[in-house]
Structure formats: C-alpha cells, structure tokens
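Here is what each chain is made of, one letter per residue.
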Amino acid sequence: MGHRPKRRIVPAKRSVLSPTMTKQPRSHRLKWVVLVISVTIPLLLWMDHRCSFDELEAIALDVSSGLGFVTRNTGVVIVDINDHDYKDLFQGQSPLNPAILIELVDAIAKAKPKAIGVDIVTDPAVWTTIQAPSNIPIVWAYRPDNPEGKSLPPTDTAWGSPKWPTNGPVVRQYLRLVPCQDNQCPSLAWEIMKKGFPNSGLEENNEELTIRFIRGQNVVHASDVLRLANAPNWGQTGSPLWSKTVVLGGTYNDAHETPLGRMPGVEIWANILETEIDGGGYRSPPWIVLLILGLVESILLVCLLQFWDFKRGLLISVVSVPFLSITLSWMVYHSAQRWAYFAMILVTLIAEQCIEVARVQQNEQIGEFFNDLRKGPHHGSVSDGPAENVKTKSKD
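The present account deals with the structure reproduced in this document. Because the structure is predicted, anything quoted here is derived from the model rather than measured. (Residues numbered from 1 in each chain as written. Predicted model: local features only at pLDDT ≥ 70, side-chain atom pairs only at ≥ 80, totals over all residues. Heavy atoms only, no water.)

Details of the overall build of the protein
Thinking step 1. Looking only at helices and strands, one finds 10 helices and 15 strands in the protein.
Thinking step 2. Out of the 396 residues in the protein, the part that is buried amounts to 45%.
Thinking step 3. In the protein, 74% of the contacts between residues at least 6 apart in sequence involve partners at least 24 apart.
Thinking step 4. Here the protein displays about 21800 Å² of accessible surface, and carbon together with sulfur accounts for 57% of that area. (Helix = DSSP H or I, 4+ residues; strand = E, 2+ residues; numbered from the N terminus. Buried < 20%, exposed > 50% of the residue type's maximum accessible area, 1.4 Å probe, protein only. Contact = heavy atoms within 4.5 Å. Areas by Shrake-Rupley, 256 points an atom, 1.4 Å probe, with all protein chains shown as cover.)

Take a look at the structure:
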C-alpha cells in the first residue's frame, strides 16, 4: 500500500520593503510627496519670516564663531554707558546731560581714534561745542523726522539715521540709505564708513543687507574712558581706542531681538560696522529663490529614497541632511546660520517616507495574518524550488 507523498512546508518569505517595492503605483506615492512638499515649503517660509528658527540660528552662529569660521579684527570698539555709568555719571536722568556727554566724546577723541559714532540722539545745538581735532570724524545719531523738535544739524557736522529695517521682531538687516521724509539719508553706520573709510569700495544703495552677527565685541566702559583720558599714553599706540572705530552708546535701557538673543542697539551698530568693514553684508534672496531651492533639495532627497532600497536610502539621506542644508545656506546667505529652513524640509520628507513604508509593511502583515487564518494552522506556502524540497516515500 503506497503512502501519499509528504510535502515540506516552506514558510513564506517576508519582503524588506522600500518605496520602490510598495504595492501602490508610483504615481500614487508621488502624489503624496508633492502634497507634502506643497504644504511644507510655504509653511517653513512663513515660519522663517516669523523668526521661528532663531534659536537654531544662534546655535549655528556660535558654532561657526567657536570653530573659527567667523572671525573679525576690524578695530571696532564700543564705549558703553552701562547701568552703573548711567546712574553715577548721568544721575539716572534721560535725556543724558549734554555737558557730560560732550566731555565723554572729547575724552574719546583724545585717544586719536579713526572715527567716532555717537549712537545717542541729542540736540544738534551742542555738537559744535566739541573740542576734538578736525581730522577725527564724529558722526552723530539724528532722526530726520525730528520727533523731539530739536534744532537742525549744523552744516559742518556729520550725522546718520539710527534706524534699521523693521521687517519683523528680530533685527537681521540694515540699510546704507534710509528713507527720510521725501528723500534718502545715510544710516549711522554708512556715514561712519564714508568718513572713516572713504576708500572702502562699497556701493551706496538702499538695499536691505544682512548683518553677520558675532559675539564678543571689544567694550570699554564710559567711566573708564573718563578716568584714563588724562593718562600720558592715552593717545598713543597701545591705547584701547587708538586708531579704532569707536561707537558710543548706552546699554542701560536699550535692547532688541537679534539671532543671538537680545542685544543693545550700540552692539547692533558695532556688528553692522564690522560687517561693512569686513566687505559688507549680503543681499537677502527673494522668497522665490528659497522656494526653488527647497524644491530642488526635495527632489534630490526623493530620488535617493525612491531609487535605493529603503534602509540604504534612509542612511544616505540622514547623512546628507546636514551637508545639503549647510551648503545651501552658504550658497544663499554666505553663512551657515540659516541651515534650519533647509534642514526642516528634508526632515519632513524623510518622516513622510518612513510613515509610508511603515504603513505598507503593516498592511502586508495584516494581509498575511488573514491569509494564515483562511488557510488554517497547517497550511503554508508550498516551495516551488528544486525537487529535493519535496520528498516522497513509497511502500509496496
């Protein structure tokens, strides 16, 4: 009597999915990718405009400075009227006592700096009382709209507007020429550049330029300037203000939001001056440029994930995110500080692809589970391999 041949049950192999191995057609997957890109990029542009990535920008700026990618030796020094000086020298009164302010400017001029910028709005009537040598340019802050009703600047004095663009809550840009009434007038930093660096080669325009912020400006307190002004070596080489570009201002009640956190106005002007002396700021690109670059990097990432198996594509994509985001930031802004915008686009796409692959794998697992239930506990897939996988025995 013969026995029926026994068949060895070979478990069905589970596939390792990648986006190219999914059950859905490629057109369906691409629809989801296009949808994610069309929502993500405008959202990130809006978030960038609303300064949502400022903390990440500050990290990039600090890392760049710490690694030596952003260094300056431009000779800009801040003479700071801090809280202590405001209380002791000016008796805590505002506007500042013009007699003490003039004494302070004269003390700075004795050190023979390259130029002096005064980031303190005061009455132009006192500007001519300065005893400084005529070869040391002094530029005063003056609001052209003259809201305080002060006298007009004397014809033989230099002044600049202490304004920068207010496109958002965070100060990022500056202007060389600012709107004033029916005309344009120089900003405080630009007038200092024209007087102290007449051969800088920079172009006078009204375009918004981006400030290259850096921490750790050279600072000398106002009380120390008055104390050292009569020292014999005050106006000689080695003096902290000798041949420097000096910006005089107060930090006692003045702070503005910047990519590096809250910063006094005088420090912002020092950063603008350092940016100008270092070659000038870069022009902010229009939003359409950011949109196009976002689309380009999205297409590159999708190609990596679509044409490689998922694990390899994911590994390469994760490695490429910091490289692409920092490279594009340097291309557009000449700085790595705006890396977050480009990185968020890539991270969102990677997350979408991971969710899609996980969903397809889950569907396959559910399908296999119900197939097993229908086949029963002793059923499986029969191997279609070589004949040795099926063994038969016969007995007469």
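Notes on the packing of helix α5 (residues 188–196) against helix α7 (residues 265–277)
Thinking step 1. It is at 9 Å that the axes of α5 and α7 come closest, and there the two elements cross at 45 degrees. Our classification of the angle between α5 and α7 gives oblique. The handedness of the crossing between α5 and α7 is right-handed. Listed contacts from α7 to Leu188, Ala189, Trp190, Ile192 and Met193 of α5 are Trp269, Ile272, Leu273, Glu276 and Ile277. (Axes fitted to C-alpha atoms, helices over the stretch in contact; angles between N-to-C directions. Parallel < 35°, antiparallel > 145°, perpendicular 65-115°, else oblique. Left-handed = near helix turned anticlockwise from the far one by under 90°.)

Side note on the sheet that holds strand β6 (residues 173–174)
Thinking step 1. Spatial ordering of the open sheet is given by β6-β9-β14, a layout of 3 strands whose pairing is antiparallel. Two strands bound the open sheet, and with one partner strand each, they are β6 and β14 (282–283).
Thinking step 2. As paired strands, β6 and strand β9 (residues 209–210) are joined by 2 bridges and run antiparallel to one another. In the strand pairing of β9, Tyr174 is matched with Leu209. (Pairing = 2+ DSSP bridges.)

Focus: the environment of Lys195
Thinking step 1. With respect to the helices and strands, Lys195 occurs in helix α5.
Thinking step 2. With 59 residues separating them in the primary sequence, Lys195 and Ile136 have C-alpha atoms 9.0 Å apart.
Thinking step 3. Not counting the four nearest positions on each side in its chain, Lys195 is found in contact with Pro137, Val139 and Ala158.

Quick look at helix α4 (residues 98–110)
Thinking step 1. If you check α4, its first and last C-alpha atoms are 18 Å apart, about what 13 residues at 1.5 Å a residue would give, namely 18 Å.
Thinking step 2. Regarding α4, the residues found buried are Ile100, Leu101, Ile102, Leu104, Val105, Asp106, Ala107, Ile108 and Ala109.
Thinking step 3. The inward-facing, buried residues of α4 abut β2 (76–81), β3 (115–118), β4 (138–141), α6 (222–228) and β11 (245–250).
Thinking step 4. Looking at where α4 begins, the residue whose side-chain oxygen comes 3.0 Å from the main-chain nitrogen of Ala99 is Asn97.
Thinking step 5. Downstream of α4 by a residue or two, Lys112 has a phi angle that is positive, lying close to 60 degrees. (Expected span 1.5 Å × (residues − 1). Polar contact = N/O pair within 3.5 Å; in protein donor to acceptor, adjacent residues only side chain to side chain.)

Observations concerning the side chain of Ser239
Thinking step 1. Tracing the backbone through its elements, the reader meets Ser239 in the loop between α6 and β11.
Thinking step 2. Taking the relative accessible area as the measure of exposure, Ser239 reaches 8% and is therefore buried.
Thinking step 3. Not counting residues up to four positions away in its chain, the partners in contact with Ser239 are Ala111, Asn233 and Trp234.

Overview of the packing of aromatic side chains
Thinking step 1. Inspection of every chain in the model, using the stated rule, returns 5 aromatic pairs.
Thinking step 2. Taking 4.0 Å as the distance between ring centres and 5 degrees as the angle between the ring planes, the aromatic pair formed by Tyr86 and Tyr252 counts as stacked. Linking Tyr86 in helix α3 (residues 83–88) with Tyr252 in the loop between β11 and β12 (256–258), this pair joins segments that are 166 residues apart in sequence.
Thinking step 3. Consider the rings of Trp164 and Trp269, whose centres lie 5.4 Å apart with planes at 50 degrees: the pair is tilted. With Trp164 in the loop between β5 (158–160) and β6 and Trp269 in helix α7, this residue pair connects regions lying 105 residues apart in the sequence. (Phe/Tyr/Trp six-rings, centres within 6.5 Å; stacked < 30°, edge-to-face > 60°.)

Examining unusual backbone geometry
Thinking step 1. Here the amide bond leading from Ser94 into Pro95 is cis, since omega sits at 5 degrees, within 30 degrees of zero.
Thinking step 2. Locating Pro95 in the fold gives a position in the loop between α3 and α4.
Thinking step 3. The phi angle at Gln91 is positive, at roughly 55 degrees, despite the residue not being glycine.
Thinking step 4. Note on placement: Gln91 falls in the loop between α3 and α4.

Section: the nonpolar core
Thinking step 1. Counting 34 residues, the largest nonpolar core has Ile81, Val225, Leu241 and Leu248 as its most contacted members.
Thinking step 2. Every element with two or more residues in this core is listed here: β2, α4, β3, β4, α6 and β11.
Thinking step 3. Per-element accounting of this core gives the leading share, 8 residues, to α4.
Thinking step 4. Setting aside anything within four residues of it in sequence, one finds Val225 in contact with Val79, Leu104, Ala107, Ile108, Val220, Trp234 and Leu241.
Thinking step 5. Of all hydrophobic cores here, the second largest spans 28 residues; its members include Ala115, Ala158, Trp190 and Ile268. (Core = buried A, V, L, I, M, F, W, Y, C linked by side-chain atoms within 4.5 Å.)

A few points about the environment of Ser298
Thinking step 1. On the secondary structure map, Ser298 appears in helix α8 (residues 287–306).
Thinking step 2. Along the chain, Ser298 and Thr348 lie 50 residues apart, while their C-alpha atoms are 9.7 Å from each other.
Thinking step 3. Not counting residues up to four positions away in its chain, the partners in contact with Ser298 are Ile37, Ile41, Ile345 and Leu349.

Side note on the sheet that holds strand β10 (residues 218–221)
Thinking step 1. Spatial ordering of the open sheet is given by β5-β4-β3-β11-β2-β10, a layout of 6 strands whose pairing is parallel. Looking at which strands have only one partner, the edges of the open sheet turn out to be β5 and β10. Between one strand axis and the next, the sheet turns by 25 degrees as a mean value, whatever way the strands run.
Thinking step 2. Where β3 lies against β11, 4 bridges are found, and the strand directions are parallel. Counterpart to Ile116 in the pairing with β11 is Val246.
Thinking step 3. Along the sheet, α4 contacts β2, β3, β4 and β11; its crossing angle with β11, the most-contacted strand, is approximately 160 degrees.
Thinking step 4. α5 rests against β3, β4, β5 and β11 of the sheet, and its axis sits at about 170 degrees to β4.

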